[in-house]
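# Summary of structural features
Here is how the chains run, residue by residue.
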Amino acid sequence: MTSHVTTADEHERAHPTPGTYTKVGLVLFILTALEVALYEITFGEHAGALGDLTHVFVPMLLTLSAAKFALVAMFYMHLKQDSRLFTGVFVFPLIIAAVVILALAALMAYHMAFAKSGG
Amino acid sequence: MATTAVGHEALAAAPGEKTGLWSWITTVDHKRVAILYLIGATVFFFLGGIEALLIRIQLAKPDNNLVSPEFYNQLFTMHGTTMIFLAVMPMSQIFFNYIIPLMIGARDVAFPRLNAFGVWVFLLGGLFLNASFLFGAAPDAGWFGYANLTSKQFSPGMHVDFWMLGLQILGVSSLAAAVNFFVTIINLRAPGMRLMRMPMFVWMSFITMILLLLAFPVITVALILLMFDRFFGTHFFVPTGGGDPILWQHLFWIFGHPEVYILILPAFGIISEVLPVFSRKPLFGYAAMVFSGVFIAFLGFGVWSHHMFSTGMGPIADTFFSLATMLIAIPTGVKIFNWIGTIWGGSLQLKTPMLFALGFIAMFIMGGLSGVMHASPPADLQQTDTYFVVAHFHYVLFGGSIFGLVAGAYYWWPKMFGKVLDERLGKIHFWLQLIGFNLTFFPMHFVGLHGMPRRVYTYPKGLGFDSMNQWETVGAFILAAGFAVMLYNIWKTWRTAPPAPADPWNGATLEWSIPSPPQEWNFPEIPTVTGRDPLWEAKRQRGGTLPEPQRVSGQGIHMPAPSYWPLVTAFSLPLLFTGLMLASKIGPWGIFIGVATLFFGIYNWVFEPSYTSIPGVKGKGHH
Amino acid sequence: MTDIAHPLAAPNPHLETSTGLDSRKLAIWTFLGSECMFFASLISTYVVFRGRSLVGPFPHTPWTDPATGRVYEPIIEIPLVTVGTALLLFSSLFIVLALYGAQKGNRKMLLGWLAATIMCGMFFVGMQVYEFTHFVHKGLTLQRNMFGASFFTLTGFHGTHVTIGVIWLLTMFVLALRKQLPAENAVNLEMAALYWHFVDVVWIIIFPVVYLMQ
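Summary of the structure given here. Since the model is a prediction, treat every value here as computed from it, not as a measurement.

What counts as what
- Residues numbered from 1 in each chain as written.
- Chains lettered and ligands numbered in written order.
- Predicted model: local features only at pLDDT ≥ 70, side-chain atom pairs only at ≥ 80, totals over all residues.
- Heavy atoms only, no water.
- Helix = DSSP H or I, 4+ residues; strand = E, 2+ residues; numbered from the N terminus.
- Rg over C-alpha atoms; globule rule 2.2 N^0.38 Å.
- Buried < 20%, exposed > 50% of the residue type's maximum accessible area, 1.4 Å probe, protein only.
- Contact = heavy atoms within 4.5 Å.
- Areas by Shrake-Rupley, 256 points an atom, 1.4 Å probe, with all protein chains shown as cover.
- Lys, Arg positive; Asp, Glu negative; His and termini not counted.
- Charge placed at Lys NZ, Arg CZ, Asp CG, Glu CD.
- Buried area = accessible area lost by both parts, 1.4 Å probe.
- Salt bridge = Lys/Arg side-chain N within 4 Å of Asp/Glu carboxyl O.
- Polar contact = N/O pair within 3.5 Å; in protein donor to acceptor, adjacent residues only side chain to side chain.
- Nonpolar A, V, L, I, M, F, W, Y, C, P; charged D, E, K, R; others polar.
- Phe/Tyr/Trp six-rings, centres within 6.5 Å; stacked < 30°, edge-to-face > 60°.
- Lys NZ or Arg CZ within 6 Å of the ring centre and 35° of its normal.
- Core = buried A, V, L, I, M, F, W, Y, C linked by side-chain atoms within 4.5 Å.
- 1 Å grid on protein atoms, 1.4 Å probe; cavity = no way out; pocket = protein on both sides within 12 Å on 5 of 7 lines; lining within 4 Å.
- Points joined across faces, edges and corners; volume = space filled by probe spheres on them.
- Patch = residues over 30% accessible without salt bridge, like charges linked within 9 Å, V, L, I, M, F, W, Y side chains within 5 Å.
- Axes fitted to C-alpha atoms, helices over the stretch in contact; angles between N-to-C directions.
- Parallel < 35°, antiparallel > 145°, perpendicular 65-115°, else oblique.
- Left-handed = near helix turned anticlockwise from the far one by under 90°.
- Expected span 1.5 Å × (residues − 1).

It is worth spelling out the overall build of chain B at this point. Within chain B one finds 18 helices and two strands. The C-alpha atoms of chain B give a radius of gyration of 25 Å, which matches the 25 Å a tight globule of 623 residues would have. In chain B, which comprises 623 residues, the proportion classed as buried is 63%. Considering only contacts in chain B between residues 6 or more positions apart, those separated by 24 or more positions represent 83%. Carbon and sulfur atoms make up 71% of the accessible area of chain B, which totals about 22000 Å². Each charge sign in chain B was given a centre, from 33 positive and 28 negative side chains, and these centres are 8 Å apart.

Next up on the list: the interface of chain C and chain A. On the side of chain A, 53 residues touch chain C, which itself brings 54 residues to the contact. Here chain C meets chain A over a buried area of about 4800 Å², counting both sides, of which 78% is carbon and sulfur. For the salt bridge of D82(A) with K25(C), the shortest nitrogen-to-oxygen distance reads 2.7 Å. The interface formed by chain C and chain A includes two residue pairs in polar contact (both at pLDDT 80 or more). Of the residues contributing to the side of chain C that touches chain A, the split by class is 34 nonpolar, twelve polar and eight charged.

Each pair of aromatic rings is reported with the distance of its centres and the angle of its planes. Tallied over the entire structure, the rule returns 89 aromatic pairs over all chains. Considering the side-chain rings of F132(C) and F151(C), the 6.1 Å spacing of their centres and the 55 degrees angle between planes classify their relative orientation as tilted. Of this pair, F132(C) sits in helix α3 (residues 107-137) while F151(C) sits in helix α4 (residues 146-177), and the two are 19 residues apart along the sequence. A residue is classified by how much of its surface remains accessible, and F151(C), at 0% relative accessible area, is buried. Taken together, F45(B), F46(B), F356(B), Y395(B), F398(B), F403(B), Y410(B), F430(B), W431(B), F437(B), F441(B) and F483(B) form an aromatic cluster joined through their ring pairs. One residue, R532(B), lies across the ring of Y286(B), its end atom 3.6 Å from the ring centre.

A few words on the pattern of salt bridges. On inspection of all chains with the given rule, the structure shows 16 salt bridges over all chains. Overlapping salt bridges bring together D82(A), K25(C) and E190(C) as one network.

Once that is clear, we can look at the interface of chain C and chain B. Tallying the contact residues gives 43 residues for chain C and 47 residues for chain B. Buried surface at the junction of chain C and chain B, summed over both partners, amounts to about 3700 Å²; 72% is from carbon and sulfur atoms. Summed over the shared surface of chain C and chain B, the result is zero salt bridges. For the pair chain C and chain B, the interface holds eight residue pairs in polar contact (both at pLDDT 80 or more). In terms of residues, the side of chain C that touches chain B owes the most to one element, helix α1 (residues 23-48) of chain C, which gives 13 residues. Grouping the constituent residues of the side of chain C that touches chain B by class yields 22 nonpolar, 16 polar and five charged.

So, on to the nonpolar core. One finds F95(B), W339(B), F360(B) and W412(B) to be the most contacted residues of the largest nonpolar core, which totals 301 residues. Not counting residues up to four positions away in its chain, the partners in contact with F95(B) are I100(B), F201(B), I270(B), L405(B), G408(B), A409(B), W412(B) and M416(B).

Regions of empty space are outlined by a rolling probe, equal in size to a water molecule, passed over the atoms. Residues and elements named next belong to chain B. Applying the stated criterion across every chain yields a total of seven cavities of 30 Å³ or more. If you add up the space inside the largest cavity, you get close to 160 Å³. Every residue lining the largest cavity is counted, 15 residues in all, and those nearest its centre are F85, M89, P90, Q93 and S174. Counting residues per element, the lining of the largest cavity draws most heavily on helix α3 (residues 69-104), which supplies six residues. Classifying every residue of the lining of the largest cavity by side-chain character gives ten nonpolar, five polar and no charged.

As a further point, take a nonpolar patch on the surface. A cluster of nonpolar side chains, contributed by V595(B), F599(B), I602(B), Y603(B), V606(B) and F607(B), occupies part of the molecular surface with about 420 Å² of accessible area. Along the chain, F599(B) turns up in helix α18 (residues 589-606).

As a further point, take the packing of α3(B) against helix α4 (residues 112-134) of chain B. Residue and element names in this part refer to chain B. Their axes nearest at 11 Å, the elements α3 and α4 cross at an angle of 165 degrees. Taken as axis vectors, α3 and α4 run roughly antiparallel relative to one another. Crossing hand, α3 versus α4: left-handed. Residues F71, Q74, M78, T81, F85, L86, P90 and N97 of α3 form the contact with α4, whose participating residues are N115, F122, G126, L129, N130 and F133. When its residues are assigned to classes, the contact of α3 with α4 shows eight nonpolar, six polar and no charged.

Bringing helix α2 (residues 30-59) of chain B into the picture now. Turn by turn, an α-helix covers 3.6 residues, leaving residues three or four places apart pointing in a common direction. Taking 1.5 Å of rise per residue, 30 residues should cover 44 Å, and α2(B) covers 42 Å from first to last C-alpha, within 8% of that figure. Its side-chain oxygen at 2.9 Å from the backbone nitrogen of K31(B), D29(B) defines the N-terminal cap of α2(B).

Dropping the structure here:
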């Protein structure tokens, strides 16, 4: 039985090229710029330029962040090309993590609405 | 790979069968790591047991003053912390380490040095935690350390610091083991062992690893926040600064509830191995057992606030967590019915492992029933903080986990030590444990519902608690006697019992196909598996029995080389945390030494070659 | 013949894995899954205490101390942290290019892009250190209020993770310089890269939640 060292190559069918990586990098940069721009037109120096965005600010911002997260995970961390096992090992804790953040925020917000601060 | 059978004498000093202290200090062999866990777990279990007996003596009569209230707080805190983190979890580690590689047909775990690191961190962490007694500063704020009792204001001494930092050290050990076994189970299975062909103990352990990975980081953060409050003056849990003690409870129980499944799932797995062998029947409903285990783990992250029903979370939260808690009883019930289905119609061999397994089922059902009673918030408001809860969790943790682990100990003892424990003494132990356990904890249901609170160092007479507390104390000593019998059994068989065969119980799984105890490399050739219960299948194909496996020379089998870097790296953790504790007195020097040792250990570890061709042969770069 | 494996080679070159995947790569992903819960707990703590500070300074609004009359300006400064965010993002691109070079056996590509990654990482840590000291000058400390406690704890632990990443990458760089990172051992760099990307991805969450959301 010969030795069988698994290298990264053997499991990536369509290995992205440096060109793809750079394009993803540019998109990430643009998304970040959009995040900052969204902030500026909602709360910053140009607040109100496109109307009152305070109510859509958080969903839009989180969508942009989620897109960045997904791009880095799928392309830079190779989840798109690699075995789906890695995706599962990463995504399952992510889901639990998201549930915990949301649950804690909700439970503590309710609690703090009734608790008196400062003893 | 050469597998010529060699005479037993010629192998007494064969390379790989090393002896002596140094071989233990540098071991990376999963079987030796298991025995190190065994030594640690046994010592700490007895320490925790002494703490329990002292508690019981103090409570045996009303208005007692054997111990001061302050020392009593230390006793129940250390009893709980020790039993959970230094006894039950390490006992599970004994079997994870010894048995999982054997059951999946592997030569060792995926990362042997990481494995050794884990056991050293556990031993050092346990010593760190118990060193607190030497300073008269044993932890005293409960094993769950509620804020803001744990704040600097209300716990000014070093008690809580020892607890906080000791648990942080132990968390590192658990996480290291979890990564290791998660990868081992996924990646090191023998050819043909698909996931749905793995022994149930491996499945339950696998799920336990996932729970460890997801739950421990949360308590790590909780302890960090507490440390920042105590050492750096933050106010995370201090209301006068804007903080909130309830956050501690949430973070702790988001860890704490999965933790109790971490404590019970390995025992579930052990029972699922013992019952089939001693009923001479395969496990009933394998797939249902797997999926119910997965469901319990997943749902286990959604029930934590059932520990907080009395904190005023409001009707929506109360309802949600109540329903989720009741829901989790369903997959648990599925398991119990499947165990009964396994026994039903079987040819029962009532040997000691089986007795403890049957005891487990009965005791765990009782603990589960009181648990479901807690699931109702209005009922729980009556039960919480009373001895009713103490009864519940001892029925599931002792009646469940300990009974299961003891069953595993008697079951796998021959494989690990080459001796079958004495059957008569085993039965005496069983009856002492069953009677002692129930006498200690059953009355607690009543005494709790009659209003005896938890964590009180004494109680006045005439409230109706007196005689039941007396019986509970008697029961505790009967329980202790049972373990004394087990110790005697171990000593006696060590000295006088004949060597055990490879397969004393007519087992179904791969560990019984190799000598007792196994050679360093476990299997001369990695087996190929074609179904569940591979050994029964192999025996069926050969007319019922297999020949006794021979010891071989191990030439050409690649094993990981021993190393002391895991121990050096492990040392850095108590150094670092002691440095943190003493920082106000000695400045940052302790922290620097700890971090420097950590880097020194890690770099040497990473850049040391890990394999050699013949077990134990010294070569370049080995120690 | 003794057969001592190179330290950076696969753990047991004679062992096939059940999935065909490298155990070390699986271990890193497993660890990162665990780290998701670590940062989720820290982020939750930040979110839970948002708006709960009893006194200023505050992230986005000025505050006058009624006791002393001192005016505290808003703490958050978007331009500085945006530069840091961009640096970290580009460092992810650079390291994936370095890994590409490593896998193709192109040592120049590996060294060049790895150096670029490390520079970005070091600048990010530098920016954080500057930011922390600047905020302290503006009156925000760990002990001052809940914003200070949760901000410095969350971003501080993230920064610690980045620092560990920089040290790890520097080690990889030295190995590459010594020609000890050939294509067969590229998985070692891949492990470091995955950790590095994760640290970036956590910042992708921290940046909007801490700096942009009000």
